[in-house]
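A look at the structure
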Amino acid sequence: MASETFAQLVGLSTGVLLLSGVLLVWRRSLHAQVALLATQGVALAVLVLVLGLHESDAELLAVAALVLVLKAVVLPLILVRTVARLGVGVREETPVINTTASLIALSMLTMLAYLVSRPLLTLGDGPTTTAVPVGIALVLYGMLLLATRRHAVSQLLGFLVLDNGIATVAFLIAGGVPLVVELGVSLDVLLVVLILQVLTSRIRTEFGEADLDDLSELRD
Amino acid sequence: MSAGAAVVTVGQAAVLVALSPLLVGVMRQVRARLEGRAGAGVLQPWRDLRKLLGKEPLTADGVSWISVAGPLVLVASSLLLCALTPVLGTATLDRVPNDLFVVVAALLIGTVALALVGLDAGTAFGGMGSSRHMTIAALVEPTVLVSVYALSIPVGSSVLSQIVEARLDHPATIWSPVSLLALLGLAIAIVAETARLPIDNPSTHLEVTMVHEAMVLESSGRDLAWLELGSWLRLGALLGLLATLLAPWGVATEVTALGLAVAVGALALKLALIGSLLATVEVFLAKVRLFRVPELLAGSFVLAFLAVTASYLVAS
Amino acid sequence: MTGVELGMTAQVVLAAAAVAAAVLVPPRLRNVVAGTFAAAVGASGVVTGAAALTDHSGSLELSTALPLTGVALDPTPLGGFVMLVAGAVGAVAAVFAIGYAHGPAASRTSWVALPAFLVSMQLVPAAADAVSFLLMWELMALASTVLVLTEHRDREEVRSAALWYAAMTHLSFGLLLLGFTVLAAEGGGTGFDAMSAVDPKSLQASIAFVLLIAGFATKAGAVPFHVWLPRAHPAAPSHVSAVMSAAMVKMGVYGALLVAFRLLPDGPAWWGFVVVALGAVSATYGILQASVTSDLKRLLAYSTTENIGLMFLALGTAMLLRSHDVSAPADAALVACLLLLTSHAAFKTALFLGAGAVLHATGERDLDRMGGLAARMPVTHVAFALGALGAAALPLSVGFVAEWTLLQSLIHGARPDDRLVAAMMPISVAVVALTAGLALLTFVKAYGIAFLARPRSSGAAGAREATPGMRAAMLVAAVAVIGLGLVPGPLADLAGRAAGVADPGSGAAVDLPGIAGGVLDPVAVTVVAALLAAPVGVVTLAAARRRRRRRVDLAWGCGGARISPRMQYTATSYAEPLARVFDDAVRPERDVVVTHYSESRYLVERVQFRQRLDEVVETRLYQPVLRAGDRVGAAARRLQNGSIHRYLGYSFVALVAVLVVVAL
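The structure displayed is predicted, hence computed values, not measured ones. Numbering of residues begins from 1 in every chain and follows the order in which that chain's sequence is written. Chains and ligands are labelled by the order in which they are written, letters from A for the one and numbers from 1 for the other. In keeping with the model being predicted, local features are shown solely for residues with a pLDDT of at least 70 and side-chain atom pairs are shown and tallied solely at 80 or more, while totals for entire chains, interfaces and linings include all residues.

Focus on the overall build of chain C
Let me state the cut-off plainly: Only DSSP runs of H or I with at least four residues qualify as helices, and only runs of E with at least two residues qualify as strands; both kinds are numbered from the N terminus onward. When we talk radius of gyration, it's over C-alpha atoms, and the globule rule is simply 2.2 Å times the number of residues to the 0.38. Neighbour density around each residue's C-beta defines its exposure: 20 or more other C-beta atoms within 10 Å make it buried, 12 or fewer make it exposed, and counts between make it partly exposed, where C-beta atoms are placed from the backbone. By definition, residues are in contact whenever their C-beta atoms, placed on the basis of the backbone, come within 7 Å of each other.
A count of helical and extended segments in chain C gives 26 helices and 8 strands. A compact globule built from 664 residues would reach a C-alpha radius of gyration of about 26 Å, and chain C, at 27 Å, matches this within 12%. Burial status across chain C gives 58% buried among its 664 residues. The long-range fraction of contacts in chain C, counting pairs at least 24 apart against all pairs at least 6 apart in sequence, stands at 78%.

Right, here's the structure in full:
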């Protein structure tokens, strides 16, 4: 692959990753958020695919397929089912901080990601290293979602964004992760999501809602 | 150079005066057709304008000179805005470069004139529209400046003509993430600035939901004609700018008769396309609550800000 | 004797004459005579400043003034520039005061304090060593405190405002004293030249920098030291508010410039960040508070905080960019700082004097009770409108030129190697843009609500135009706003000379050296706009000939009859959407009481709406500190119970304690 096309493709896929992260914070409808998560999964898979093709690494291609299946299909499907069970038009009604403030926070977090990745950027000069801040930004977005959303499914979304961010950084810096490691991590994530999904439906049957603030009544 | 630049400057104003009412006509017609109505035809805004200019203006007792001068200031500032927007050619007058901040300032003069006309009437609706209008204008400003800032970084200049020229020279930059994010942010800001859906409904008849219409409630005759023309010109210039940034082809870098003719044709085509697109999207949109508007504007600000960040990433 | 020396001597002599006139002249003539002398003090400041700017030579030593060391006055070009601006503001305000001062403001004390205030303020930027600087600074603080106190007999809140002002201004003095002491100890002398020998990278330099910047920021009214501004400005007579806001707070900016570029140039990079952050927070917070308040003078006071913030932002940007060798945008930022200073002086004078004229005519400071003043006070209206144009930084005004220069420097300073600096630039652009947007809303509100539509109170309905002297003073300030905005070239050149920057003006236009496309020629832009608008004028005239305008009684009220002026939007309602958007920052406390008729709960008898805006900084920062101080004070009172035996006992215990310490 020509290096210019490679750079453009890396830029494009990381751009989509970042944009879907922003929109995940912006939108409050859970359906839309799950769709965005699937988009993000596709973009991540494309990124890995591009890296694999560039380095002609068969193992990376396999990882790309794995990422595609898991992050773009399986996990979103699980979430879609959970959301569907919650009813039509479910939204994150009352985030801890309002959307406007989270969006402003988002721009500052992005700048922060860009600033803290300075030392990493000295490692190399290629398009992959310059895109590292995007991964870090995604990690921060995920944390923001986890910290400010009340709905159980939103929390799950935040966790998955966080995981996508970590995966992005790993792929971009290490130029890929061994298949075995990726397989293990993926299974872990799948397991966490399944457990949380069961937990969500349990919370719902207990409290009639999936608002995590209700859990604070469980103390003592 | 200078004569050519003068031709381009005046030409841009003249062509946009001719095209903007048509643009509004096209948008209304597309919307009408999509909603299953026959529509009044593309030329209706021009007919409205002619009718209003021939009518007697009425002013309520106790209003000041602002009600008379405001519409004229709005239309003059809109004309300046049109003249400084590089939609036909990139030549600029030596002493009047179409610097981003001067262009934005021309826009803001019109905004303020409109808001004062609204206040001057001394009615509840006028004040309400004016207050909302200024609130939105205040919140839009950061997005506009930051998004064009992002576009200016690769060029190293805030002169719009140079930005357009650079895009003509390197078409690949148009599709870069920086450019797309910045344009998306700018598009939302333009929609807010020109009072289109989902920020404001230009065809509403319910006073309490109005923003733009509430301010012009008290104006009539030629005052109203100038207010309408001024607002249309702003829409034409801003959409023209967006279209030019998105597809700079056709803009004349050298001033020749043929080049300008092509540029006029290209501009008409671009405006028709972007207008129809906007009208189509509007059919599917409802006006958002006033207090959700800041969310939308904060979102557009984030996009513009990401564009700046991304431009550093790409560059380093 | 050079021009500068002559000018400075003249200032002192004229001030003495003004004081003498205020004391000796009978009350009937006091306003005219003392006011003329005070205006002459200001005018001599202008001349001296101009002389110091054009050829810097001449100094004044008053060796008898202080027992230890003499007062050394030796204005640099920068000092001359600031003196020029301050003198111009002082002269205009003094002329205004001739017609405006009445009651306590026309008293002997007031007229003595005003020239003292003006002369000390004009000599602050001339000081050549720390001692003279602090002496003038303290004189300025004392005289202005007396002036703030003017109406203390008539209005309760004046006393509390003066107390706040005195406390904050002495906090500023204390911080400066400490800062200069550190520098003097390091540099081995109180002269500014000796101090500039201190190594800026040393720890002592950083300590001094923080102390000095905090002291100057207090005087300038930057957040979080701004609390005195919104109190003192409404309390003081309007001509005093004008001088304080348009000139005195600039001494804080001058001080910051002095520290950053003369005493401690090339300091560590974080200094620049501190100043930029201070500026950004002040600008945003100031304009946000201004946009939601409806007291006209309080609004103007908060707008001062905003403008000071922008000046600090420009100054910090210049420091940052200079430390990264991005010289052309750094120079532009420095010029922008001085342009902002001048433009704020011009438009704030016009606005405060306009507000004074309105207060004089209507007895109202509350925008919610004004309206329709355009027809009743045409000249004041024009002056205020032009001032508002400047404050909103719209074209044709000098405010626009200043803000344009600042934005140019920010946009072209985008690419230093340091990423932290690179990250600051877009944030600064966003802050400036948001500030500009909110300033637009604020001044559309202030002008539109006060002067347009119909009067909302009987005071506003019966307003009369100001006296000729007041009108002349307001118009001079307003013409300065427009004149400098149309032909900013010479002003930019002066600012460039003061800042030591190669000429940023070319003819009538601003042409920033080293910045591509950095040309701003307002006259050319105006001519183009006028030519373009000419056909519109022709069409309008043709239409006007065929169809005349008709006056009707009725404005649209949903088909209802003639609507009452109470149905108009007020300043509070105008800013309501904004207060809602920035709910978390301004924290409005709303109280709506709906009274129903006893017959039916569906019929409303009346609705009462009350809104209170608390200062977040004040409630969160100052009140806890003040409460803690009160507690300490209350505890200390227990030591005193009036018993003479106890006091003797204290002395005895103290004596024993000293002896024990000596013995050990």
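Quick word on the interface of chain A and chain B
So the rule is basically this: Polar here means any residue other than Ala, Val, Leu, Ile, Met, Phe, Trp, Tyr, Cys and Pro, which are nonpolar, and Asp, Glu, Lys and Arg, which are charged; Gly is therefore polar.
Of the residues lining the interface, 18 residues belong to chain A; the matching set on chain B comes to 14 residues. The element best represented in the side of chain A that touches chain B is helix α4 (residues 99-116) of chain A, accounting for 9 residues. Broken down by class, the residue content of the side of chain A that touches chain B amounts to 11 nonpolar, 7 polar and no charged.

Some thoughts on unusual backbone geometry
Put simply, L197 of chain B and P198 of chain B share a cis peptide bond, and its omega is 0 degrees. Looking at the element boundaries, P198 of chain B is found in the loop between α7 (177-193) and α8 (212-215). The amide bond that connects V223 of chain C to the next residue, P224 of chain C, takes the cis arrangement and shows omega of 5 degrees. Among the secondary structure elements, P224 of chain C is positioned in the loop between α8 (203-220) and α9 (229-235). One non-glycine residue, A393 of chain C, lies in positive phi territory at about 55 degrees. Mapped onto the fold, A393 of chain C is located in the loop between α15 (378-391) and α16 (398-412). Here A393 of chain C falls in the buried class, since 31 other C-beta atoms lie within 10 Å of it.

What to know about α15 of chain C
Residue and element names in this part refer to chain C. Short version of the rule: Expected span of a helix: the number of residues minus one, times 1.5 Å.
Taking 1.5 Å as the rise per residue, α15 with 14 residues should run 20 Å; its terminal C-alpha atoms sit 20 Å apart, in good agreement. Taken across its 14 residues, α15 has 11 buried, putting it largely inside the fold. Those residues of α15 that fall on the buried side of the exposure criterion are T380, H381, A383, F384, A385, L386, G387, A388, L389, G390 and A391. The secondary structure elements touched by the buried residues of α15 are α12 (296-323), α13 (327-362), α14 (373-376), α16, α17 (419-451) and α19 (468-486). Of the residues trailing α15, A393 is marked for its positive phi of about 55 degrees.

Some details on the interface of chain C and chain B
In plain terms, the rule: For two strands to pair, DSSP has to find at least two bridges joining them.
Facing 63 residues of chain C, the contacting portion of chain B comprises 71 residues. Contributing elements (two or more residues each) for the side of chain C that touches chain B: α14, α16, α17, α21 (522-546), β6 (550-552), α22 (571-574) and α23 (576-581) of chain C. For the side of chain C that touches chain B, a count of residues per class yields 47 nonpolar, 8 polar and 8 charged. As paired strands, strand β1 (residues 58-60) of chain B and β6 of chain C are joined by 3 bridges and run parallel to one another. Each bridged residue has a counterpart across the sheet, and for A60 of chain B the counterpart in β6 of chain C is V552 of chain C.

Some thoughts on the domain arrangement of chain C
One frequent convention defines the size of an interface as the accessible area lost when the parts assemble. Convention followed: Marked domain ranges trace back to an automatic or database domain assignment.
Parsing chain C into structural domains produces domain 1 (272-536 + 567-587) and domain 2 (617-663). Spacing between the C-alpha centres of domain 1 of chain C and domain 2 of chain C amounts to 49 Å.

With respect to the sheet that holds strand β5 (residues 519-520) of chain C
Whenever strands of a sheet pair, they do so through backbone hydrogen bonds, lying parallel or antiparallel. Residue and element names in this part refer to chain C. If you walk across this open sheet you meet the 3 strands as β3-β4-β5, and the pairing is antiparallel. Each edge of the sheet is formed by a strand with only one pairing partner; in this case those strands are β3 (505-506) and β5. As defined by bridge partners, β3 adjoins strand β4 (residues 509-511) across 2 bridges and the pair is classed as antiparallel. Following the sheet pairing, G505 is matched in β4 by V510.

Observations concerning the pairing of strand β7 (residues 588-596) of chain C
Residues and elements named next belong to chain C. Counting buried positions along β7 yields 0 of 9 residues, so the element is predominantly exposed. When β7 meets strand β8 (residues 604-613), the two strands line up antiparallel, connected through 9 bridges. Bridged to P588 within β8 is L613.

Quick word on the packing of helix α3 (residues 66-84) of chain B against helix α9 (residues 221-246) of chain B
Residue and element names in this part refer to chain B. Selection criterion: Axes here refer to lines fitted to C-alpha atoms; in helices the fit is confined to the stretch in contact. Angles between the N-to-C directions go from 0 to 180 degrees. Should an angle fall under 35 degrees it is taken as roughly parallel, and over 145 as roughly antiparallel, whereas 65 to 115 is taken as roughly perpendicular and any remaining angle as oblique. Each crossing gets its handedness from the near helix: less than a right angle anticlockwise from the far helix is left-handed, clockwise is right-handed.
In contact at an axis separation of 8 Å, α3 and α9 are set at 25 degrees when each is read in the N-to-C sense. Taken together, the axis directions place α3 and α9 in an arrangement best described as roughly parallel. Of the two possible hands of crossing, α3 and α9 adopt the one that is left-handed. Two secondary-structure elements touch here, α3 through S67, V68, P71, L72, L74, V75, S78, L79, L81 and C82 and α9 through D223, W226, L227, L229, G230, L233, R234, G236 and A237. A breakdown of the residues in the contact of α3 with α9 according to their chemical character gives 13 nonpolar, 4 polar and 2 charged.

Side note on the environment of T169 of chain C
Residues and elements named next belong to chain C. Tracing the backbone shows T169 in helix α6 (residues 156-187). Accessibility expressed as a C-beta count within 10 Å gives 23 for T169, which makes it buried. As a C-alpha pair, T169 and T218 span 49 residues in sequence and 7.1 Å in three-dimensional space. Residue contacts for T169: discarding those within four places in its chain leaves A141, T145 and K219.

Examining the environment of M83 of chain C
Residues and elements named next belong to chain C. Looking at the secondary structure, you find M83 in helix α3 (residues 77-100). With 158 residues separating them in the primary sequence, M83 and S241 have C-alpha atoms 18 Å apart. Excluding residues within four positions of it along the chain, M83 makes contact with G45, T48, G49, A52, P75, Q122, P125 and A126.

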